[in-house]
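Working through the structure, step by step
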Amino acid sequence: MSLVEKQANSPKVFLAPLAGITDLPFRNLVLEFGADRVVSEMVATYDAVQQRPSAQARRALGIGSARTAIQIAGKDAPLMAKAAAICESSGAEIIDINMGCPAKKVTNGYAGSALMRDLQGAKGIISAVRAAVSVPVTLKMRLGWDADSLNAPELARIAEGEGVSLVTVHGRTRSQFYKGHADWSQIGLVKRAVAIPVIANGDITDIAAAQQALRQSNADGIMIGRGAQGRPWLLDQVRCALKGRPPNPAPMGWARLALVKRHYNAIVGFYDEPIGTRMARKHLSWYMDALPTPKVLRHAILTETVPSRVLELIDNLPWQAARVAA
């Protein structure tokens, strides 16, 4: 096999959907650095059908629509189908169905990972969504509801039978939420159960974890979530390593400052004030976690409400000579 063929067949690297984080400004940055696919924040079906501004913002497409999946969540098959059709008509080229969210406000409504306790209901939703759109449909799930119901292989087989083109599995049960460690070997059971691609997710925060997750799961790729917070370049570094190339270095010094300022401006511009200034704080905090930041300056940046002043404060971050790997 030639080097070109080997790289073409290398495992895929996806950005996970993260509520309040994987918005359009962040997805655009990750795509600029390099990712095989990014996934939007979860869009509730009722909000999508009602054309609420919040849902429209979550499904907004940026620089890489062909590499962007819009994720929808709900329990009602006809509403899910309508939401999927609306997303497709808005330009979505991939629809992802959420059957993995563990949040109580989602599972109490019998959506998200609660559907892993109702495989017939899950099948009905998948079938309805698949019939409503012409674009590829993917599915995200967990290992099961709890340790006594590890039914991810069964749900994956159902999804494959209904025409789903790819499944992503978070290596925890719903009952675990985000406690303990993701069990990548259990994802391997899903991989053996279906012929469609399987993506491994959970606790993949660096190159070593990505390589270990692939070894244990034999998956076709990995999905990175919280590990990318404050590190939009991480997916590109992982992709390089999995292709057998040296990872591109993270931006440092003035390049890091310029990136942070550009990301901040994109957030403020996308949401407008004052929402944008509030939404940006978590990202600024993660960027400052990685490199030396005086406490007084950090506090000033995270409490300032005037965007122009925030940008001035960012210029004072002492990162020019920092050599911390991030």
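What counts and how
Residues numbered from 1 in each chain as written. Predicted model: local features only at pLDDT ≥ 70, side-chain atom pairs only at ≥ 80, totals over all residues. Heavy atoms only, no water. Helix = DSSP H or I, 4+ residues; strand = E, 2+ residues; numbered from the N terminus. Rg over C-alpha atoms; globule rule 2.2 N^0.38 Å. Contact = heavy atoms within 4.5 Å. Areas by Shrake-Rupley, 256 points an atom, 1.4 Å probe, with all protein chains shown as cover. Lys, Arg positive; Asp, Glu negative; His and termini not counted. Charge placed at Lys NZ, Arg CZ, Asp CG, Glu CD. Axes fitted to C-alpha atoms, helices over the stretch in contact; angles between N-to-C directions. Left-handed = near helix turned anticlockwise from the far one by under 90°. Expected span 1.5 Å × (residues − 1). Buried < 20%, exposed > 50% of the residue type's maximum accessible area, 1.4 Å probe, protein only. Arc of directions from axis to C-beta. Salt bridge = Lys/Arg side-chain N within 4 Å of Asp/Glu carboxyl O. 1 Å grid on protein atoms, 1.4 Å probe; cavity = no way out; pocket = protein on both sides within 12 Å on 5 of 7 lines; lining within 4 Å. Points joined across faces, edges and corners; volume = space filled by probe spheres on them.

Before going further, it helps to examine the overall build of the protein. When helices and strands are counted, the protein shows 15 helices and nine strands. Radius of gyration (C-alpha) of the protein: 20 Å, near the 20 Å computed for a compact globule of 326 residues. When its C-alpha atoms are laid out on the principal axes, the protein stretches across 55 × 50 × 35 Å. Taking as baseline every contact in the protein between residues at least 6 positions apart, the subset at least 24 positions apart corresponds to 67%. Working note: accessible area of the protein is about 13900 Å², and carbon and sulfur atoms make up 53% of it. Charged side chains of the protein number 39 positive and 27 negative; the gap between the two group centres comes to 3 Å.

With their axes 8 Å apart at the nearest point, helix 8 (residues 152-161) and helix 9 (residues 184-193) run at an angle of 30° to one another. By crossing handedness, the relation of helix 8 to helix 9 is classed as right-handed. Across the interface between the two elements, Ala152, Pro153, Ala156, Arg157 and Glu160 of helix 8 pack against Leu189, Val190 and Ala193 of helix 9.

Relative to the 27 Å expected for 19 residues at 1.5 Å per residue, helix 12 (residues 253-271) spans 28 Å between its end C-alpha atoms, a close match to the ideal helical length. Along helix 12, the residues that are buried comprise Gly253, Arg256, Leu257, Leu259, Val260, His263, Tyr264, Ile267, Val268 and Tyr271. On an axial view of helix 12, the arc spanned by its buried residues comes to 165°, and they lie on one face. In helix 12, those exposed residues whose orientation departs by more than 90 degrees from the buried face are Trp254 and Gly269.

What follows deals with the environment of Ala77. Looking at the element boundaries, Ala77 is found in helix 5 (residues 77-89). With 50 residues separating them along the chain, Ala77 and Ser127 place their C-alpha atoms 8.3 Å apart. In contact with Ala77, other than residues within four places in its own chain, are Gly124, Ile125 and Ala128.

All told, the structure shown has eight salt bridges when counted by the stated rule. Asp36 is the partner of Arg239 in a salt bridge, and the nearest nitrogen-oxygen pair spans 3.3 Å. Of this pair, Arg239 sits in helix 11 (residues 234-242) while Asp36 sits in the loop between helix 2 (24-33) and strand 2 (37-39); the two residues are 203 residues apart in sequence, bridging distant segments of the chain. Note that Asp220 and Lys191 form a salt bridge whose closest N and O atoms lie 2.8 Å from each other. A residue pair is termed long-range when its members are at least 10 positions apart, and Asp220 in the loop between helix 10 (207-217) and strand 9 (221-224) and Lys191 in helix 9 qualify at 29 residues.

Considering the arrangement of structural elements, one finds Ile158 in helix 8. Residue Ile158 is classed as buried on the basis of its relative accessible area of 17%. For Ile158 and Gln120, which are 38 residues apart along the polypeptide, the C-alpha to C-alpha distance reads 9.2 Å. Ignoring anything within four residues of it in the chain, the contact list for Ile158 reads Leu119 and Lys123.

Glancing now at empty space enclosed by the protein. Tallied over the entire structure, the rule returns one cavity of 30 Å³ or more. Here the largest cavity defines a volume of roughly 40 Å³. If you go around the largest cavity, the residues you meet are Phe14, Arg37, Val39, Ala69, Asp96, Thr138, Leu166, Thr168 and Met223. Elements with a contribution of two residues or more to the lining of the largest cavity: strand 2 and strand 7 (166-170).

This brings us to the packing of helix 5 against helix 7 (residues 119-132). Interaxial distance between helix 5 and helix 7 falls to 8 Å at its minimum, and their mutual angle equals 30°. For the crossing formed where helix 5 meets helix 7, the hand is right-handed. Here helix 5 contributes Ala77, Met80, Ala81, Ala84, Ala85 and Glu88 to the contact with helix 7, which in turn contributes Gly124, Ile125, Ala128, Val129 and Ala132.

Regions of empty space are outlined by a rolling probe, equal in size to a water molecule, passed over the atoms. Estimates place the volume of the largest pocket at around 800 Å³. Considering the residues around the largest pocket, the lining is formed by 41 residues, among which Ala19, Met42, Gln71, Asn98 and Cys101 are closest to the centre. When residues of the lining of the largest pocket are traced back to their parent elements, those giving at least two are helix 3 (45-49), strand 4 (68-73), helix 6 (104-107), strand 6 (137-142) and strand 9. Ranked by residue count, the leading element in the lining of the largest pocket is helix 3, at three residues.

Without other data, these values stay purely geometric and don't point to any function.
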